[in-house]
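Structural characterization, general
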Amino acid sequence: MNIEIINKQSSDTLELIFVLNKHLEHENIKDSESLKKLNFKGSDDETALLIDVNRLYVGISDATEIDSFRTAAATAIRCAKKTNYQTLTVGCYDKKETLEVTSAMLEGLLLGAYEFTKHKSKNEETSLKTISLKTENYYQNTFNENELNEIVTQSTYINEAVTIARDLVNSTPEDITPIALAAKSQQLAKEVGLECEIYDQNFLVENNMNAFLAVSRASVNPPRLIHLKHLPKNPKKRVVLVGKGLTYDSGGLSLKPADSMVSMKMDKAGACAVLGIMVMIARLDLPIEVHGIMGAAENMIGGNAYKPDDVLVAKNGKTIEVRNTDAEGRLVLADCLVYACELEPDYLFDMATLTGACVVALGHYTTGIMGYNSRLKHNMVKAANESGELASTLQFNKYLKKLIKSNIADMSNIGSSRYGGAITAGMFLSEFVDEKYHDNWLHLDIAGPAYNDSAWGVNEAGGTGAGVRMISKFIQNLA
Ligand code: BES
Ligand code: ZN
Ligand code: ZN
C-alpha cells in the first residue's frame, strides 16, 4: 500500500470518515439520514459503505483512546479492500485531531491491510493501492506537509518491521528453518546496512552453549545463532535484544498432543520480532547501539534427541536437569542471554513465545512483562500502550523461585507445580542474566499475542508481529 499526501479529493476515490458514536447528528456528517436508515450507530468495528457518495464511515466509541483510531482504521481498510476503489482518502471528523491521531490512523490502515497469501493458489488482487492523506481536515486546519511526511515515513517503517515479523511467523517450518532464517536475516541486514554474524553448531560447541545445542540435536535442520548489529558513532546507549527462534516446536520427546502442535511454527515469533525491530532501527538510523540475537533451532524427536533426565551445562556453567523437553525455549534463551550479557548492555530485553501459562494468565492479546526493575517494567508497559500493544507485568516472587529447584542439578527446566508457569519460566531465565544486569533486563512472554486464530485489532489471523511496535517505541524514546 502506497501513501500520498494530497490537498484535493477526486470523485472516484473512497473517502474514509470516522464517526464518534455520540456525534452521529453532527453538522459535518453529510450523510446522517442515510446512516440512520442503515441503523449505523457509530460503535467500534461498525462500517457503512455509501457508494453513491463514495464515502466509507467507520465507528469509534471512545475518541479519547488514540488506539481506537488505529483499530477503526484497520476495520475500515478491510472493508475498503473488498471494493473496486483504487484510492482511499483519509478524512477526519474530530477537530481535536492531532498528529498523534493521524499517525495511529495511518498505522491502522497499513497494518490492517496485511494478508499472507503466499500459499493461496487463487490470489485475488485487490484494487485498492493507495491511501491519500489530506492536508486539510473539516475544520480547515491545515497540517504542515513536512510533519505529515515524517509520520508517513514513520508509519511506513513500523509497517515494514511488523510485516517482516508477520511474514516470517506465518511461513511454514519447511520454508523457514534456522538456516533459512539466518539467510533472510543476512539479506535484510545487507539491504538496510546492519552488520550480521551467523554462527553454526561448531560455534555453539566451542562456546559451551550446550543447552541450546541439546534442543536442536534431533533435528535434521541444524541450529543457527544470528547476531545483528546497529553500530552508530557515539551511541547514547547500548540495547541488546534476544529472541526465541524455534522454527518448530514439536515438544521433543515430551511430545505435544496433536492439537497443541498445530501452529507451533509461531514459536520463532520472538526472533522474528527482533529481526523486524533491527530493520526499523537501521532505517531510522537511531543514535543507539542495538544488537539483535536470535536463537534459531528446531525441537524435534529422534534417536539422538535430548531427554527428560538429561543434565545440561549452560554457557555460564550452571547445570539444568531436563524434566520436560517441551520447555525448550528457556534452554535456548539461557545460552543466548549469557552471550548477550557479554556485550555489557544498558538494556537487555528477551522476547519469547515461552509459555502456555502466560496465555492462561493474561489471555491471547497481552504480553507478560517480567523483571526486577519496577521502573523499567513500567516504562515498557507505557511504550506498549503508546504503540498500540497490550502488556501487563507479572511479579517474580521467592516462593515461586523454589519450584524450579532440582535434586541433582542447579535447577530444573520446569516448575514442580502447574501453577505460575509464566513466572517460573521467567525466573529460570534470570539465572542466566548476570546479576550485574538484573536491573537492566526484562523478559517479554509474547505467547498470547504473537499468533492468533482470528483477526483482532490491527491484526489479521496468524502472526501479528507482537513486540515489534512496543520495543521500537521504547528504543525511540531513548534516542
Ligand atoms: N512454545 C511453547 C509455549 C507456547 C504454548 C507458545 C502455546 C504459544 C502457545 C513452549 O515451548 C512450551 O511448550 N512450553 C510448555 C512449558 C511446560 C512444559 C512447562 C507449556 O507452556 O506447556
Ligand atoms: Zn515447547
Ligand atoms: Zn516452544
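Before any of the text, the structure's been laid out above.
What comes next concerns the included structure. All of these numbers come straight from a predicted model, not from anything done at the bench.

**Overview of the overall build of the chain**
Of regular secondary structure, the chain possesses 15 helices and 19 strands. Taken over the C-alpha trace, the chain has a radius of gyration of 24 Å; the compact-globule value for 479 residues is 23 Å, and the two agree within 12%. Counting contacts in the chain only where the partners sit at least 6 residues apart, residues at least 24 apart contribute 77% of the total. Within the structure as shown, the chain displays about 20,100 Å² of accessible surface, and the carbon and sulfur contribution to it stands at 46%.

**A few points about the state of the cysteines**
One pass over the structure, following the stated rule, counts zero disulfides. The thiol of Cys196 is unpaired, and the distance to the nearest cysteine sulfur, on Cys272, comes to 14 Å.

**Notes on the side chain of Ser472**
As for its position among the elements, Ser472 is in helix α15 (residues 468–478). Judged by its relative accessible area of 3%, Ser472 falls in the buried class. There is a polar contact of 2.6 Å between the side chain of Ser472 and the backbone oxygen of Val468. Beyond its immediate sequence surroundings of up to four residues, Ser472 is in contact with Ile277 and Met280.

**Re the site of ligand 1**
Among the 16 residues in the neighbourhood of ligand 1, the closest are listed as Lys256, Asp267, Asp326, Glu328 and Gly356. Take Lys256: an N or O atom from its side chain is 2.8 Å from an oxygen atom of ligand 1. About the coverage of ligand 1: the protein hides 76% of its 520 Å² of free accessible area. Considering only residue class, the shell around ligand 1 consists of five nonpolar, four polar and seven charged.

**Here we look at the coordination of the zinc ion (ligand 3)**
Distances from the zinc ion (ligand 3) to its protein donors, Lys244 (NZ), Asp249 (OD), Asp267 (OD) and Glu328 (OE), fall within 1.9 to 2.4 Å. Coordination at the zinc ion (ligand 3) comes from six donor atoms whose angles at the metal span 77 to 173 degrees, giving a geometry best classed as octahedral. The sequence pattern describing where the donors of the zinc ion (ligand 3) fall on their chain is K-x4-D-x17-D-x60-E. Taken as a pair, the zinc ion (ligand 3) and the zinc ion (ligand 2) show a spacing of 3.2 Å, with Asp249 coordinating each metal. Residue Asp249 is classed as buried on the basis of its relative accessible area, which comes to 3%.

**Brief notes about the pattern of salt bridges**
Within the structure shown, the criterion is met by 21 salt bridges. Residue Glu15 is joined to Lys134 by a salt bridge in which the shortest nitrogen-to-oxygen separation is 3.0 Å. Pair noted here: Glu15 is in strand β2 (residues 14–20) and Lys134 is in strand β6 (residues 130–134), with a separation of 119 residues, a long-range link. Note on accessibility: Glu15 and Lys134 belong to one class, buried. With a shortest N-O distance of 2.7 Å, Asp31 and Arg55 are connected by a salt bridge. Taken together, the positions of Asp31 in the loop between β2 and α1 (32–37) and Arg55 in strand β4 (residues 55–60) put the pair 24 residues apart, joining distant regions of the chain. The class for Asp31 is buried, based on a relative accessible area of 8%.

What counts and how
- Residues numbered from 1 in each chain as written.
- Chains lettered and ligands numbered in written order.
- Predicted model: local features only at pLDDT ≥ 70, side-chain atom pairs only at ≥ 80, totals over all residues.
- Heavy atoms only, no water.
- Helix = DSSP H or I, 4+ residues; strand = E, 2+ residues; numbered from the N terminus.
- Rg over C-alpha atoms; globule rule 2.2 N^0.38 Å.
- Contact = heavy atoms within 4.5 Å.
- Areas by Shrake-Rupley, 256 points an atom, 1.4 Å probe, with all protein chains shown as cover.
- Disulfide = S-S within 2.5 Å.
- Buried < 20%, exposed > 50% of the residue type's maximum accessible area, 1.4 Å probe, protein only.
- Polar contact = N/O pair within 3.5 Å; in protein donor to acceptor, adjacent residues only side chain to side chain.
- Near = heavy atom within 4 Å.
- Nonpolar A, V, L, I, M, F, W, Y, C, P; charged D, E, K, R; others polar.
- Donors = N, O, S within 2.8 Å, 3.2 Å for Na, K, Ca; no water.
- Tetrahedral: all angles 85-135°; square planar, octahedral: opposite > 155°, others 65-115°.
- Salt bridge = Lys/Arg side-chain N within 4 Å of Asp/Glu carboxyl O.

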